[in-house]
Amino acid sequence: MKTIVVYKSKYGATKEYAQWIGKELDCQVTDAKLVSVEDLLTYDTIIYGGGLYAEVIDGVRLITKNFDRLKEKNLIVFSTGITPLDCSEYYDKMVVEKNFKPEMRTSIKTFYFLGKMILSELSVVHRTAIKALKKLMASKENPTEMEKLLVDLCDADGDFTDRNAIHPLVEYVKAL
Ligand SMILES: Cc1cc2nc3c(=O)[nH]c(=O)nc-3n(C[C@H](O)[C@H](O)[C@H](O)COP(=O)(O)O)c2cc1C
């Protein structure tokens, strides 16, 4: 079975997971900038990874825009973010619903891993966006639990990547 891991990564967290997965599966790992849908069509299993930015899986349109051509493949998408792992409702509902149309949700197997956010490394645009988000959430009179969590997440500063987290994805692909 021919497998490829494709990733888009701004600060390196998703790239790191992509490389770990590629090592475990002994398969090609490529930056999304360097692949076209025609390249992807030559593989049986396509694993796409992207960081979460305002709940959007960075670059996942490479898969979703070409879903009709890729839907017969084994499709796996992983994303990385700073939302804690126990917020499954956040991932299963908000992220999945925002990124995948209903017909895609049954054909694309999804995984979520903790990423990293080093505040001093963020671009000016990203740092400003995080500050604005925190201000907005903190100004809510009756914040929901999710909004309260978002205020705290805006201060998250660290590398939360974990190599062991890839095992469920690796086992899933090995069992295909
Ligand atoms: C502007 C901005 C928006 C973000 N939005 C989210 C988000 O919606 N959900 C989340 O869990 N993490 C969010 N994050 C955290 C990133 O997803 C996290 O840093 C991820 O590991 C980045 O992946 P990369 O290093 O491969 O680009 C955001 C970070 C920034 C800077």
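Quantities reported herein were computed from a predicted structural model and do not represent experimental measurements.

A. Molecular detail of the packing of helix H1 (residues 13-25) against helix H9 (residues 167-174). Relative to each other, H1 and H9 sit at 40°, their axes nearing to 10 Å. Put simply, H1 runs oblique to H9. In terms of crossing hand, the pair formed by H1 and H9 is right-handed. The segment H1 lies against H9, with Ile21, Glu24 and Leu25 engaging His167, Leu169, Val170, Val173 and Lys174. Classifying every residue of the contact of H1 with H9 gives 5 nonpolar, 1 polar and 2 charged.

B. Here's a closer look at the nonpolar core. Grouped together as the largest cluster of nonpolar side chains are 27 residues, with contacts concentrated most on Leu40, Tyr48 and Ile57. Going through the elements one at a time, strand E1 (3-8), helix H2 (37-40), strand E3 (45-53), helix H3 (61-64), helix H4 (67-70), strand E5 (74-81), helix H5 (88-99) and strand E6 (108-114) are the ones with two or more residues in this core. Ranked by residues supplied to this core, first place goes to H5 with 4 residues. With residues near it in sequence (within four places) discarded, isoleucine 57 still touches Tyr48, Gly50, Gly51, Leu52, Val77, Phe78, Ser79, Tyr91, Val95, Asn99 and Phe100. Counting 17 residues, the second largest nonpolar core, distinct from the first, contains Ala18, Ile47, Phe111 and Val173.

C. Seen up close, the domain arrangement of the chain. Taken as a whole, the chain is organised into domain 1 (3-116 + 158-174) and domain 2 (119-156). Just the C-alpha atoms count here: the centres of domain 1 and domain 2 sit 25 Å apart. Every contact between the two is made by 10 residues of domain 1 and, on the other side, 8 residues of domain 2. Roughly 730 Å² of surface becomes buried between domain 1 and domain 2 when both sides are summed, with 74% attributable to carbon and sulfur atoms. The largest contributions to the domain 1 side of the interface with domain 2 come from Tyr11, Ile82 and Pro84, which together make up 52% of the buried area. Joining domain 1 to domain 2, the criterion identifies 0 salt bridges. Across the domain 1-domain 2 interface, the total number found is 2 residue pairs in polar contact (both at pLDDT 80 or more).

D. Summary view of the packing of helix H7 (residues 124-138) against helix H8 (residues 145-153). In the contact formed by H7 and H8, the axes pass within 9 Å of each other and the chain directions differ by 140°. In terms of crossing hand, the pair formed by H7 and H8 is left-handed. Only Glu147, Leu150 and Val151 of H8 make contact with H7, whose side of the interface consists of Leu133, Lys134, Met137 and Ala138. Grouping the constituent residues of the contact of H7 with H8 by class yields 5 nonpolar, no polar and 2 charged.

E. Just the side chain of glutamate 55, in detail. Along the chain, glutamate 55 falls in the loop between E3 and strand E4 (56-57). Classification of glutamate 55 by relative accessible area gives buried; the value is 18%.

F. How the structure looks around H9. Inspection of H9 places Leu169, Val170 and Val173 among the buried residues, and these make up the whole buried set. All buried residues of H9 fall inside an arc of 95° around its axis, so they share one side. The inward-facing, buried residues of H9 contact H1, E3, E5 and E6.

Parameters at a glance
- All residue numbers here refer to positions counted from 1 along the written sequence of the relevant chain.
- Where local features are concerned, this predicted model is filtered to residues with pLDDT of at least 70; where side-chain atom pairs are given and counted, the filter is 80 or more; whole-chain, interface and lining totals use all residues.
- Where side-chain values are given, they derive from all heavy atoms of the structure, hydrogens and water being excluded.
- Only C-alpha atoms enter the line fits that serve as axes; for helices the fit covers just the stretch in contact. Angles between N-to-C directions range over 0 to 180 degrees.
- A run of H or I in DSSP counts as a helix once it spans at least four residues, and a run of E counts as a strand once it spans at least two, with each numbered from the N terminus.
- The cut-offs work like this: below 35 degrees is roughly parallel, past 145 is roughly antiparallel, 65 to 115 is roughly perpendicular, and the gaps in between are oblique.
- Left-handed is the label given to a crossing in which the near helix is rotated counterclockwise from the far helix by less than a right angle, and right-handed is the label when the rotation is clockwise.
- Here a residue-residue contact requires only that any non-hydrogen atoms of the pair lie within 4.5 Å.
- Ten residue types, Ala, Val, Leu, Ile, Met, Phe, Trp, Tyr, Cys and Pro, are classed as nonpolar, four, Asp, Glu, Lys and Arg, as charged, and the remainder, Gly among them, as polar.
- What is meant by a nonpolar core is a set of buried Ala, Val, Leu, Ile, Met, Phe, Trp, Tyr and Cys residues, joined one to another through side-chain atoms within 4.5 Å.
- Think of it in three bands: with a 1.4 Å probe and only protein chains considered, a residue is buried below 20% of the maximum accessible area for its type, exposed above 50%, and partly exposed in between.
- For each domain, the first and last residues come from an automatic or database assignment.
- Two parts placed together each lose some accessible area; with a 1.4 Å probe, that loss summed over both constitutes the buried area.
- Think of a salt bridge as a Lys or Arg side-chain nitrogen and an Asp or Glu carboxyl oxygen that are within 4 Å of each other.
- Polar contacts here mean pairs of N or O atoms no more than 3.5 Å apart (in protein, one a potential hydrogen donor and the other a potential acceptor; neighbouring residues in sequence count only if both atoms are side-chain atoms).
- To obtain the arc, one takes the directions from the helix axis to the C-beta atoms.

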